[in-house]
Every structure is written in C-alpha cells, then in structure tokens.
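# Secondary and tertiary structure notes
This is what each chain is made of:
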Amino acid sequence: GFVPGLFGTSHGALQFMAYEDLKERYNKYRNRVSDTKLNTVEYIMMAAVSKIFAVAATYPYQVVRARLQDQHNTYSGVFDVVRRTWR
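Residues numbered from 1 in each chain as written. Predicted model: local features only at pLDDT ≥ 70, side-chain atom pairs only at ≥ 80, totals over all residues. Heavy atoms only, no water.

### Some remarks on the environment of Thr-36
Take Thr-36: it is sitting in the loop between α2 (9–29) and α3 (40–69). Look at Thr-36 and you get partly exposed, because its relative accessible area is 28%. Separated by twelve residues in the primary sequence, Thr-36 and Glu-24 have C-alpha atoms spaced 8.9 Å apart. In this structure the side chain of Thr-36 is engaged in a polar contact, spanning 2.7 Å, whose partner is the backbone oxygen of Val-33. (Helix = DSSP H or I, 4+ residues; strand = E, 2+ residues; numbered from the N terminus. Buried < 20%, exposed > 50% of the residue type's maximum accessible area, 1.4 Å probe, protein only. Polar contact = N/O pair within 3.5 Å; in protein donor to acceptor, adjacent residues only side chain to side chain.)

This is the structure we're talking about:
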C-alpha cells in the first residue's frame, strides 16, 4: 500500500490543474484578461468542479490502495486487487 499511497499526491495536482484551467477558460469565455479576479460564487464553482474532476479521476486508485492496505484479505498484487474488485 505504500507505493500506491505515493500516487495519492496526484489528487491535489489534478485538482489544482483543473482549477487553473477552468479559471482561464472561464475568463476567456467572459472576454476578460486571464488573471482577472473572480467573485466569490465563481471561485466556489471553480473549486467544486475541479474537486469533482480530481475525485472522479483518482477514486478508483483509492479503492485499490485501501484494499491493498486491508489486513484481512491477501492479494498477490495490484492486478489481483483490480481483478477481484471488478469481479
């Protein structure tokens, strides 16, 4: 579970990347300079959408990681976890 745990840092990276991209696209859509400050509701919407994206992208990995760390089951590796979970 340690090595898959290292991939957990990708969640924050994906969220930050999505957040910045959403802000830039939104400002471009509104014909504003890309670094224009957003209002509170716009910030909340960008944060929520970017979080949903990051969770959807990393949730399957989190399931595999949690199952690898489970002391009550024995798995022969990541592919065994994926196969048994899928089944």
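### Looking at α2
In this model α2 runs 30 Å from its N-terminal to its C-terminal C-alpha over 21 residues, within 8% of the 30 Å that 1.5 Å per residue would give. Listed in full, the buried residues belonging to α2 are His-11, Ala-18, Tyr-19, Lys-23 and Asn-27. Axial view of α2: buried residues confined to an arc of 155°, hence all on one face. Set apart from the buried face of α2 by more than 90 degrees, the exposed residues are Thr-9, Arg-25 and Lys-28. In this fold, the buried residues of α2 make contact with α3. After α2 finishes, the residue Asn-31 shows a positive phi value of roughly 55°. (Expected span 1.5 Å × (residues − 1). Arc of directions from axis to C-beta. Contact = heavy atoms within 4.5 Å.)

### With respect to unusual backbone geometry
Not every positive phi belongs to a glycine, and Asn-31 is a case in point at roughly 55°. Tracing the backbone shows Asn-31 in the loop between α2 and α3. Assessed through its relative accessible area of 73%, Asn-31 is described here as exposed.

### Notes on a nonpolar patch on the surface
On the surface, Val-41, Met-45 and Val-49 cluster together into a nonpolar patch covering about 280 Å² of accessible area. Mapped onto the secondary structure, Met-45 falls in helix α3. (Patch = residues over 30% accessible without salt bridge, like charges linked within 9 Å, V, L, I, M, F, W, Y side chains within 5 Å. Areas by Shrake-Rupley, 256 points an atom, 1.4 Å probe, with all protein chains shown as cover. Salt bridge = Lys/Arg side-chain N within 4 Å of Asp/Glu carboxyl O.)

### Points about the domain arrangement of the protein
Domain annotation for the protein reports domain 1 (1–36) and domain 2 (38–86). Taken over C-alpha atoms, the centre of domain 1 sits 17 Å from the centre of domain 2. Facing the 19 residues of domain 1 at the interface are 17 residues of domain 2. When the two sides are added together, the surface that domain 1 and domain 2 hide from each other amounts to roughly 1,600 Å², 71% of it contributed by carbon and sulfur. Considering only the surface of domain 1 that becomes buried against domain 2, His-11, Gln-15 and Tyr-19 emerge as the three largest contributors, covering 33% of it. (Domains from an automatic or database assignment. Buried area = accessible area lost by both parts, 1.4 Å probe.)

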